[in-house]
Amino acid sequence: MKFSQTQAVHAGREDFAELGVHAPPLDLSTTYPIRDLDAGTASFDALVAGAAQADNPIYARLFNPTVARFERALAQLEGSSDAVAFASGMAATAACLLAARGRGSHVLAVRPLYGTNDHLLDSGLMGVPVRWIEAAAIADEVRSDTALVFIETPSNPTLDLVDIAAVVKTAGKVPVLVDSTFATPVLQQPLRQGARLVMHSATKFLGGHGDVIAGVIACDHEWGTALRQVRAVTGGLLHPLAAYLLHRSLPTLALRVERAQANAITLAQRLSTHAAVAKTFFPALGTVANAHLLGTQMTGPGTMISFDLEGGHAAAAQLMRKVKVATPAVSLGSVDTLIQHPAGLTHRVLDEATRERYAITPGLVRLSVGIEDVEDLWADLQQALPPR
Ligand SMILES: *Cc1c(COP(=O)(O)O)cnc(C)c1O
C-alpha cells in the first residue's frame, strides 16, 4: 500500500481541535492523582494486564499519553492495530523475545541481522535459544513449538532482501517478526505481507535527526498487550520527550527518506563504476539477494549503500579519516550522511568466519546517505577515495 503523507502529518493528532491546541501536549508526569481509590485500582489492574489505556494513567511506567500518541501515529503508518514503544530498538527486541518465551521453545532467525540483534539472540540471554537458518529452510525447520521467526529486510550491512510473504507462508502459524528499520513504513509495510510484528529502531529514520534513542513494535492487540505487560515490569520505557520528538519527525519522514533515497541512487551508480570500489551493494543495482522484490515488497531501494573497497581495511580507514561532509560514525537514518566500517565497528560481535560468510569484509564500508546536496556528497567521497 502507498504510504499516506496525509496520515503522516495528522496521525496521533486527531484530538487537537477538541483540545484547542496545534502541537501535542508533552506530559512529563511520573505519577497521577488518584482521588477515587476503587476507580484507581481498576485502572491499575487494567494497565498491569497490558491494556492500551485506562481512565487513570496511575504511574508513567504503566502509561504516558505523549508516548501513546506516538504509538497511535506509528501504528497508522504501519497499518497495525497496535504499537508499543521502548527506550531503544534493543529494548524492543528484548521485550519481543521475553514475550515470545512462553509461546515456544526456540526462535528461528535468518542472518545477517543487525549486529546487536544477532548478539542478543545468539547469547540466549533472554532465555530463548536461537536456531540460525537460511530463509529458504524455514519450512523444514519450523516446528509447532517455534516461538518466533526473526528476519531483517533490508539486512544490515549488505542490504539483502528477504521475501516476507514467502517467509510468512512457510512459517504457518508461527509469528514472523520483521526488523524493518532500514525500510521505514515509507518504503515497506511488512504487516501487509502477513508479518505479525514489525520492529523499528526509531533511533534511525523515525527520529531522523540523530538526537533520540528509541524502539517501537507495530503489531496486533494480542501482541501489544503482551509487550506492554513486559514493558510495565521490565521498565524499558520511552521517555515522553523522546516520544514527542519522534512524533514531531513523522510528518517529514517520507520527505527525508525520498530525498536521501534519490541521493543514494545517484551515489550508488557512481560508486559502482569507481575504480577503487570492488562491489557496491544496493538493491537498485541488483547486487543484493532478492532484488526482484523492489517495486513490490519494497517500493524503493532505500538510503543505505555498502561498498567493498579494493584497498581493503587500509582504504576503508583512509576513507573514514578523509571525509569532511559525511561524518564517520555508527548509526544511520539521520538527515546527515554517516559512514562506518561494519567489520571494525557494528559487526565486531560476529566471529571472523561469520563476517566473511556474509561479505562483511575488511574493505566494506556502509554509507547512510543524508539529505545534503548530492554533488557535495559525491565530491566528498571522491576526494576521500583512493585516486582512480
Ligand atoms: C540500530 C538498530 C537496531 C538497534 O536499535 P537501538 O535503537 O540502537 O537499540 C536494531 N536493528 C537495526 C536494523 C538497527 O539499525
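This structure is a prediction, so every number in the text was calculated from the model and none was measured.

Draft legend 1. Structural view of the packing of aromatic side chains. In the structure shown here, the tally under the stated rule is zero aromatic pairs. The ring of F86 carries the charged tip of R231 above its face, separated from the ring centre by 6.0 Å.

Draft legend 2. Spatial organisation of the layout of surface pockets. What the largest pocket holds in volume is close to 350 Å³. Around the largest pocket, the lining is made up of 23 residues, and of these Y114, S201, T203, K204 and S331 lie nearest the centre. Where the lining of the largest pocket is concerned, the elements lending two or more residues are helix 5 (89-101) and strand 6 (197-201). Broken down by class, the residue content of the lining of the largest pocket amounts to eight nonpolar, 10 polar and five charged. Of the residues that make up the lining of the largest pocket, three or more belong to each of domain 1 (5-251) and domain 2 (253-384). Space inside the second largest pocket adds up to approximately 280 Å³. Along its surface, the second largest pocket is lined by 21 residues, and A60, R61, N64, L237 and L238 are the ones closest to its centre. For the lining of the second largest pocket, the leading source of residues is helix 4 (residues 65-78), giving three residues. Here the residues of the lining of the second largest pocket sort into 13 nonpolar, four polar and four charged.

Draft legend 3. Region of the structure containing the sheet that holds strand 5 (residues 176-179). Taken in spatial order, the seven strands line up as 1-7-6-5-4-2-3 in an open sheet, and their pairing is mixed. Unpaired on one side and paired on the other, strand 1 (82-86) and strand 3 (130-133) mark the two borders of the sheet. Across this sheet, the average inter-strand angle for adjacent strands is 20°, counted without regard to direction. Bridge analysis of strand 2 (residues 106-110) against strand 4 (residues 146-152) gives four bridges, and the strand direction is parallel. Opposite H106, over in strand 4, you have T146 as the bridge partner. Against the sheet, helix 6 (residues 115-123) contacts strand 2, strand 3, strand 4 and strand 5, and its axis sits at roughly 125° relative to strand 3.

Draft legend 4. Representation of the site of the ligand within the structure. The immediate surroundings of the ligand are formed by 15 residues, with M90, D179, S201, T203 and K204 found nearest. One nitrogen or oxygen atom from the side chain of D179 is found 2.6 Å from a nitrogen atom belonging to the ligand. Here the ligand loses 94% of its free accessible area of 380 Å² to cover by the protein chains. For the shell around the ligand, a count of residues per class yields six nonpolar, six polar and three charged.

Draft legend 5. Layout of the sheet that holds strand 11 (residues 338-340). The strand order 8-9-12-11-10 describes an open sheet built from five strands, whose pairing is mixed. Bordering the open sheet on either side are strand 8 (277-281) and strand 10 (327-328), each of which pairs with just one other strand. As defined by bridge partners, strand 9 (residues 304-309) adjoins strand 12 (residues 364-368) across five bridges and the pair is classed as antiparallel. Within the sheet, the bridge partner assigned to F307 lies in strand 12 and is V365. The strands touched by helix 13 (residues 312-322) within the sheet are strand 9, strand 10, strand 11 and strand 12, with strand 9 carrying the most contacts at an inclination of about 130°.

Draft legend 6. Molecular detail of the domain arrangement of the protein chain. Along its sequence, the protein chain is carved into domain 1 (5-251) and domain 2 (253-384). Placing the centre of domain 1 and that of domain 2 at their C-alpha centroids yields a distance of 27 Å. Taken together, the contact between domain 1 and domain 2 spans 39 residues of the former and 41 residues of the latter. For the pairing of domain 1 and domain 2, the buried interface totals around 3200 Å² over both sides, and the portion due to carbon and sulfur atoms is 63%. Considering only the side of domain 1, the residues that lose the most area to domain 2 are L161, L187 and F205, jointly responsible for 23% of the buried surface there. Counting across the interface, domain 1 meets domain 2 through one salt bridge. Between E134 and R357 there is a salt bridge whose closest N-O contact spans 2.9 Å.

What counts as what
- Residues numbered from 1 in each chain as written.
- Predicted model: local features only at pLDDT ≥ 70, side-chain atom pairs only at ≥ 80, totals over all residues.
- Heavy atoms only, no water.
- Phe/Tyr/Trp six-rings, centres within 6.5 Å; stacked < 30°, edge-to-face > 60°.
- Lys NZ or Arg CZ within 6 Å of the ring centre and 35° of its normal.
- 1 Å grid on protein atoms, 1.4 Å probe; cavity = no way out; pocket = protein on both sides within 12 Å on 5 of 7 lines; lining within 4 Å.
- Points joined across faces, edges and corners; volume = space filled by probe spheres on them.
- Helix = DSSP H or I, 4+ residues; strand = E, 2+ residues; numbered from the N terminus.
- Nonpolar A, V, L, I, M, F, W, Y, C, P; charged D, E, K, R; others polar.
- Domains from an automatic or database assignment.
- Pairing = 2+ DSSP bridges.
- Axes fitted to C-alpha atoms, helices over the stretch in contact; angles between N-to-C directions.
- Contact = heavy atoms within 4.5 Å.
- Near = heavy atom within 4 Å.
- Polar contact = N/O pair within 3.5 Å; in protein donor to acceptor, adjacent residues only side chain to side chain.
- Areas by Shrake-Rupley, 256 points an atom, 1.4 Å probe, with all protein chains shown as cover.
- Buried area = accessible area lost by both parts, 1.4 Å probe.
- Salt bridge = Lys/Arg side-chain N within 4 Å of Asp/Glu carboxyl O.

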